[in-house]
Amino acid sequence: MITIVMGNNKKLFQYRHESDTWKRYLQFIQQENNHLKTRLSQVLQHDTDEEFLERAEYFQSKFIAEDDTVNMLRQDIHEIDQMLSKDKVEDSSLIKELQKKLKKMNKDMEIVERQFNKLKTDFNTYLADSL
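This report concerns the structure included in the present document. (Residues numbered from 1 in each chain as written. Predicted model: local features only at pLDDT ≥ 70, side-chain atom pairs only at ≥ 80, totals over all residues. Heavy atoms only, no water.)

Attention now goes to the side chain of E18. Relative to the helices and strands, E18 is located in helix α1 (residues 2–44). Although E18 lies buried, it forms no salt bridge, and the closest oppositely charged side chain, K11, sits 11 Å away as judged by the N-O distance. Residues within four places of E18 in sequence aside, it is in contact with L102 and N106. (Helix = DSSP H or I, 4+ residues; strand = E, 2+ residues; numbered from the N terminus. Buried < 20%, exposed > 50% of the residue type's maximum accessible area, 1.4 Å probe, protein only. Lys, Arg positive; Asp, Glu negative; His and termini not counted. Salt bridge = Lys/Arg side-chain N within 4 Å of Asp/Glu carboxyl O. Contact = heavy atoms within 4.5 Å.)

This next bit is on the packing of aromatic side chains. Tallied over the full model, the rule gives seven aromatic pairs. What links up through ring pairs into an aromatic cluster is the set F52, Y58, F59, F63, F123 and Y126. Taking the ring centre of Y126 as reference, the NZ or CZ of R55 above it sits at 5.5 Å. (Phe/Tyr/Trp six-rings, centres within 6.5 Å; stacked < 30°, edge-to-face > 60°. Lys NZ or Arg CZ within 6 Å of the ring centre and 35° of its normal.)

Of the pockets and cavities examined, the largest pocket occupies roughly 180 Å³. Around the largest pocket, the lining residues are Y58, F59, K62, A65, E66, T69, Q115, K118, L119 and D122. Going through the elements one at a time, α2 (50–84) and α3 (92–130) are the ones with two or more residues in the lining of the largest pocket. Counting residues per element, the lining of the largest pocket draws most heavily on α2, at six residues. Split into classes, the residues belonging to the lining of the largest pocket amount to four nonpolar, two polar and four charged. When its volume is computed, the second largest pocket comes out at roughly 150 Å³. D76, E79, I80, E97, K100, K101, K104, M105 and D108 together form the lining of the second largest pocket. Where the lining of the second largest pocket is concerned, the elements lending two or more residues are α2 and α3. It is α3 that contributes the most residues to the lining of the second largest pocket, six residues altogether. (1 Å grid on protein atoms, 1.4 Å probe; cavity = no way out; pocket = protein on both sides within 12 Å on 5 of 7 lines; lining within 4 Å. Points joined across faces, edges and corners; volume = space filled by probe spheres on them. Nonpolar A, V, L, I, M, F, W, Y, C, P; charged D, E, K, R; others polar.)

Set out below in structure tokens:
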């Protein structure tokens, strides 16, 4: 029994580490997204071509959607953190539920990372090609 509890403690320590890593990465995405929105507003001060405005609206809506995604993921991480802080984390059903949520969160974070990198690249490429 002591071995199982110690093994679970190591897992919980790892799960907390993963949660902290995700929070830092989401903060990074939020900062980058804010930077992109600022860059867009700077460019719009000088370029008012109708075609450019349409494309700018597209990117603006994507940046706003990214903010929403980050906020939803933060909520999911908060739920995981609450599960990790429960006193009875040794309960095997809670460990299994945590593992399930962590696996889903890993997939979600991979998707968000890919999508955000693509959005950032598309935006920068568009600006480079159209300015």
